[in-house]
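Structural characterization, general
Given next are the chains, with one letter for each unit.
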Amino acid sequence: MTTSPDSLSTPEQNFYGPCSRKIHIDGRLHPIRVAMREIELSKPYSFNGQTFTSLPLYDTSGPYSDPAAEIDPEKGLPCLRDEWHDARPGTEPSQKSPHRPMNGRTPLRGAEGSSVTQMHAARNGVVTPEMEYVAIRENQHLEEWMETSGSVRPPVTAEFVRDEVARGRAIIPANINHPELEPMIIGKNFRVKINANIGNSALGSSIDEEVEKAVWACRWGADTIMDLSTGSNIHQTREWILRNSPVPVGTVPIYQALEKVGGIAEELTWEIYRDTLIEQAEQGVDYFTIHAGVLQEYLPAATERMTGIVSRGGSIMAKWCKAHNRENFLYSRFDEICEILTAYDIAISIGDGLRPGSIADANDEAQFGELKTLGELTLRAWEQDVQVMIEGPGHVPMNLVAENMTKQQEYCHEAPFYTLGPLVTDIGAGYDHVNSAIGGTLLASLGCAMLCYVTPKEHLGLPNKDDVREGVIVHKLAAHAADLARHHPAAWLHDNIMSAARYSFAWDDQFNLSLDPARARKWREESSPEAGDKLNEERFCSMCGPDFCSMKKSREAAETRQK
Ligand code: SF4
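None of the values given here were measured: they were computed from a predicted structure.

Cut-off values and rules
Residues numbered from 1 in each chain as written. Predicted model: local features only at pLDDT ≥ 70, side-chain atom pairs only at ≥ 80, totals over all residues. Heavy atoms only, no water. Phe/Tyr/Trp six-rings, centres within 6.5 Å; stacked < 30°, edge-to-face > 60°. Buried < 20%, exposed > 50% of the residue type's maximum accessible area, 1.4 Å probe, protein only. Lys NZ or Arg CZ within 6 Å of the ring centre and 35° of its normal. Near = heavy atom within 4 Å. Nonpolar A, V, L, I, M, F, W, Y, C, P; charged D, E, K, R; others polar. pLDDT = per-residue confidence, 0-100. Contact = heavy atoms within 4.5 Å. Helix = DSSP H or I, 4+ residues; strand = E, 2+ residues; numbered from the N terminus. Pairing = 2+ DSSP bridges. Axes fitted to C-alpha atoms, helices over the stretch in contact; angles between N-to-C directions. Salt bridge = Lys/Arg side-chain N within 4 Å of Asp/Glu carboxyl O. Patch = residues over 30% accessible without salt bridge, like charges linked within 9 Å, V, L, I, M, F, W, Y side chains within 5 Å. Areas by Shrake-Rupley, 256 points an atom, 1.4 Å probe, with all protein chains shown as cover.

A look at the packing of aromatic side chains
Ring pairs (aromatic) are described by centroid distance and by the angle formed between their planes. For the structure shown, the criterion picks out 9 aromatic pairs. For the pair Phe 505 and Trp 507, a centre-to-centre distance of 6.2 Å together with 50° between the ring planes defines the contact as tilted. With relative accessibility at 8%, the residue Phe 505 sits in the buried group. Using a relative accessible area of 10% as the deciding quantity, one classes Trp 507 as buried. Sitting over the ring of Phe 368, Lys 407 keeps its end group 5.1 Å from the ring centre. The lysine or arginine in question, Lys 465, covers the ring of Trp 216, its NZ or CZ lying 4.3 Å from the ring centre.

Overview of the site of the ligand
Taken together, Cys 541, Met 543, Cys 544, Cys 549, Ser 550 and Met 551 are the residues near the ligand. Residue classes in the shell around the ligand are distributed as 5 nonpolar, 1 polar and no charged.

Section: the confidence of the model for the protein
Caution is warranted with low-pLDDT regions, since their predicted coordinates should not be read in detail. Taken over all residues, the pLDDT of the protein has a mean of 92, while the share at 70 or more is 97%. Of the regions scoring below 50 in pLDDT, residues 1-6 engages in 13 contacts with residues more than four places distant in sequence or in other chains.

Quick word on helix H9 (residues 253-260)
Most of H9 sits inside the fold, with 6 of its 8 residues counted as buried. Those residues of H9 that sit buried are Pro 253, Ile 254, Tyr 255, Gln 256, Ala 257 and Leu 258. Of the surrounding elements, those touching the buried residues of H9 are helix H8 (234-243), strand S10 (249-251), helix H10 (270-283), strand S11 (287-290), helix H12 (312-324) and helix H13 (329-332).

Description of the sheet that holds strand S15 (residues 450-452)
Reading around the circumference, S8-S9-S10-S11-S12-S13-S14-S15 is the order of the 8 strands in this closed barrel, with parallel pairing throughout. For this sheet the average axis-to-axis angle between neighbouring strands, irrespective of direction, equals 25°. As paired elements, strand S8 (residues 193-198) and S15 share 3 bridges and run parallel to each other. Paired with Lys 193 across the strands is Met 450, a residue of S15.

Section: the environment of Cys 541
Tracing the sequence through the fold places Cys 541 in the loop between helix H21 (517-527) and helix H22 (550-562). Take Cys 541: its relative accessible area is 28%, and that puts it in the partly exposed class. As a C-alpha pair, Cys 541 and Ser 527 span 14 residues in sequence and 7.6 Å in three-dimensional space.

As for the pattern of salt bridges
Considering all chains together, one arrives at 38 salt bridges under this definition. Among the ionic pairs, Arg 105 bridges to Asp 82, the shortest N-O distance being 2.8 Å. Residue Arg 105 is located in the loop between strand S4 (91-93) and strand S5 (108-110), and its partner Asp 82 is located in the loop between strand S3 (50-57) and S4; the two are separated by 23 residues in the primary sequence. Exposure remark for Arg 105: the relative accessible area of 14% places this residue in the buried category. Given a relative accessible area of 29%, Asp 82 falls into the partly exposed group. A salt bridge links Arg 137 to Glu 182; the nearest nitrogen and oxygen atoms lie 3.9 Å apart. Taken together, the residues Arg 137 in helix H4 (residues 129-139) and Glu 182 in the loop between strand S6 (170-171) and strand S7 (186-187) connect sequence positions 45 residues apart. Like Arg 137, the residue Glu 182 is buried in the burial classification.

Examining a nonpolar patch on the surface
A contiguous nonpolar patch, built from Met 398, Tyr 431, Val 434 and Ile 438 and spanning about 400 Å² of accessible area, is present on the exposed surface. Here Val 434 is to be found in helix H17 (residues 432-445).

Concerning the sheet that holds S3
On the basis of which strands lie adjacent, the open sheet formed by 3 strands has the order S1-S2-S3 and antiparallel pairing. Both edges of this open sheet fall to strand S1 (20-26) and S3, since each of them pairs with a single strand only. Strand after strand, the sheet turns through a mean of 45° between neighbouring axes, direction not considered. Summarising the sheet, strand S2 (residues 33-47) and S3 pair through 7 bridges and their orientation is antiparallel. In the sheet register, Arg 37 faces S3, and the bridge partner there is Leu 57. Here helix H19 (residues 489-503) sits on the sheet and contacts S2 and S3; the angle it forms with S2, its principal contact strand, is near 40°.

Pasting the structure below:
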């Protein structure tokens, strides 16, 4: 491992600007300190009788934006959650996997007859440290604003989190073996989240690059990351990513199982898959994508499609079913899978193995047939207190997007929806991150809980760091736009302060409040190089120039009226 610490601990000013600082909010029920970033504003901004000289932000960057933190990728991040659970009742040391994690811990599992899932605790009326953490985190330290701004959404309480998790309408992916994690929640009554996929392939990239991409994605705003590695060193790559990830990590375990049988789908067995689940569970993977809804009865319809089966996991299981003329073992062994998930508190993302890969295939018989099966599996997982989210498409034209949300909620009992896009056209090569964000914004505004990002390299190649940045930020925009549509008071406040900063030419505030302060600052500086030190005093930009700046003229007119 030769990852340069310099690249992982790049000063936060390089990302967020000099006015960003790390803050921590103490819990009331548990010994937790919830990390956020706060932007110091250059002047006060007043709305609804409240004045803001700073704005706290939801922060996914973990210790990487904390100047007080020591970052050493060879040691990994501090085991934050271990400090909250002195002795985890109902657990026992596990020796089921031969691998030892690099954080030196002995992996834990639920003892026989015990359940350690957040859902189990919630259903028993318990507010865990993780539930309190996400409640404080969702509020961004803006409880007073939420109560007085006239918003239809009150502040989130730990009890509300508990009730949503108990009902299955939200999940907190947090494997008991991922103590480095800062808990987050996925559900339609919370902020819209985004996931960034990383992972090497058989054709390129190294562990170093993938760890750097993971950290990079978190710093730009990824709420979870999925390690989709398919090449060599899968276990080691995942170990480094987990130990250095402050956000939940998801995987598709069938990929590693397939590596174990030399890439020959027909040779997959339940035993190989089960052992792979346990191996990853003991490393600390927080959620598994499992394509258990790809049933034999749906395959003929999928075969007739324009683009067949485009999910990797879906195509692997379809090939296995056809070769053996048997039902998908992920379906027939689903209850045994749930027993494993329960022992480590791993959430299941029930995969949409038959998602449409082209708009011609959107909302077809195979897709919605599988979705009904995902609903059936949701109930089976809930019987064992396993937290569930449902994966969704794919390629869907705008006029068919809403139906996906309606049917998912109906068939899957309001379990959180987690979708890839959808991409709303098939011709976006090179710009599919924007294509995906268009569909994602619409779907999230209707209730989708998490968007899986797409990078500009979608359909073309393995994304590099720059592609990850583009993909994350474009999908943060989509998620934020949906939060506005869903009346999230913190999102509205963020926009209002930005607009006021823009109208008063408070350039530093505009940079610091944007999703990519580094780019906003750089492009502003490049557009007026002659301004030099006077740049921040300019009341226009090079877009319209001083004589045609409508904001400037509008402000001057208002100031004249006031006089
Ligand atoms: S010059 Fe045009 S684009 Fe630039 S701040 Fe003024 S109105 Fe906006």
